[in-house]
Amino acid sequence: MATIFTKIIRGELPATIVYQDDQVTAFKDIHPVAPVHILIVPNIEIPNVNSVEPEQEALLGHMFTVARKVAEQQGIAQSGYRLLINNGPDSGQEVYHLHMHLIGGRRLGPMVVRREE
Ligand code: 5GP
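Residues numbered from 1 in each chain as written. Predicted model: local features only at pLDDT ≥ 70, side-chain atom pairs only at ≥ 80, totals over all residues. Heavy atoms only, no water.

Moving on: the site of the ligand. Close to the ligand lie 16 residues; K28, D29, E94, H99 and H101 are nearest. Contact with the protein chains covers 86% of the free accessible surface of the ligand, which is 520 Å². Breaking the shell around the ligand down by element, the ones donating at least two residues are α1 (4-9) and β2 (24-28). If you tally residues by element for the shell around the ligand, the top one is α1, at 3 residues. The class makeup of the residues in the shell around the ligand is 7 nonpolar, 6 polar and 3 charged. (Near = heavy atom within 4 Å. Areas by Shrake-Rupley, 256 points an atom, 1.4 Å probe, with all protein chains shown as cover. Helix = DSSP H or I, 4+ residues; strand = E, 2+ residues; numbered from the N terminus. Nonpolar A, V, L, I, M, F, W, Y, C, P; charged D, E, K, R; others polar.)

Our focus in this paragraph is the packing of aromatic side chains. Aromatic rings considered in pairs are described by the distance between their centres and by the relative angle of their planes. Applying the stated criterion across every chain yields a total of 1 aromatic pair. Between F5 and F27, the ring centres sit 5.3 Å apart and the planes meet at 70 degrees, which makes this aromatic pair edge-to-face. Taken as a pair, F5 in helix α1 and F27 in strand β2 lie far apart in primary sequence, 22 residues in all. Summarising the burial analysis for this pair, F5 and F27 share the class buried. (Phe/Tyr/Trp six-rings, centres within 6.5 Å; stacked < 30°, edge-to-face > 60°. Buried < 20%, exposed > 50% of the residue type's maximum accessible area, 1.4 Å probe, protein only.)

A word on helix α2 (residues 57-73). In this model α2 runs 24 Å from its N-terminal to its C-terminal C-alpha over 17 residues, within 8% of the 24 Å that 1.5 Å per residue would give. Residues of α2 that are buried: L59, L60, H62, M63, V66, A67, V70 and A71. Against β1 (17-20), β2, β3 (36-42), β4 (81-84) and β5 (100-104) lie the buried residues of α2. G75 sits one or two residues past α2 and shows a positive phi near 80 degrees. (Expected span 1.5 Å × (residues − 1). Contact = heavy atoms within 4.5 Å.)

A few words now on the pairing of β2. Within β2, 4 of the 5 residues are buried, which leaves it mostly tucked inside the rest of the structure. Here 3 bridges tie β1 to β2, and the two strands are oriented antiparallel to one another. Residue Y19 lies in a different strand from β2, and its bridge partner there is A26. Between the end of β1 and the start of β2, which pair antiparallel, lie 3 residues. Two elements, β2 and β3, share 5 bridges in a ladder whose sense is antiparallel. Bridge pairing in β3 links T25 to V41. (Pairing = 2+ DSSP bridges.)

Below, the structure written as structure tokens:
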């Protein structure tokens, strides 16, 4: 079964794609939490960081150069942005196809809200 992101990458489901090459696709998150909220996704299905392999290091590094390009394209390279990867249940990961959130366009506040012990 293809993931929802694979279907977007193949053009089988609609999405606003802002960047695509033979390794990575970047598209707008359907429920943005900030003025800019893009998902940067490897074209191959890697469920999450728990299953990344050493031979995928070039691909994983490429996600960062794409993040740089997309941040510049979206006009937030200088104002700043956050890159975030959820991994597993405690993180709230919803889609088990590795993806980097690129979030910006406003002051984002603390990364994780401190919980009262
Ligand atoms: P996660 O919680 O797995 O890190 O993030 C999954 C993200 O995918 C969420 O921010 C969610 O809004 C986004 N998302 C889920 N389904 C779709 C979809 O069909 N299209 C797009 N563009 N984003 C989606």
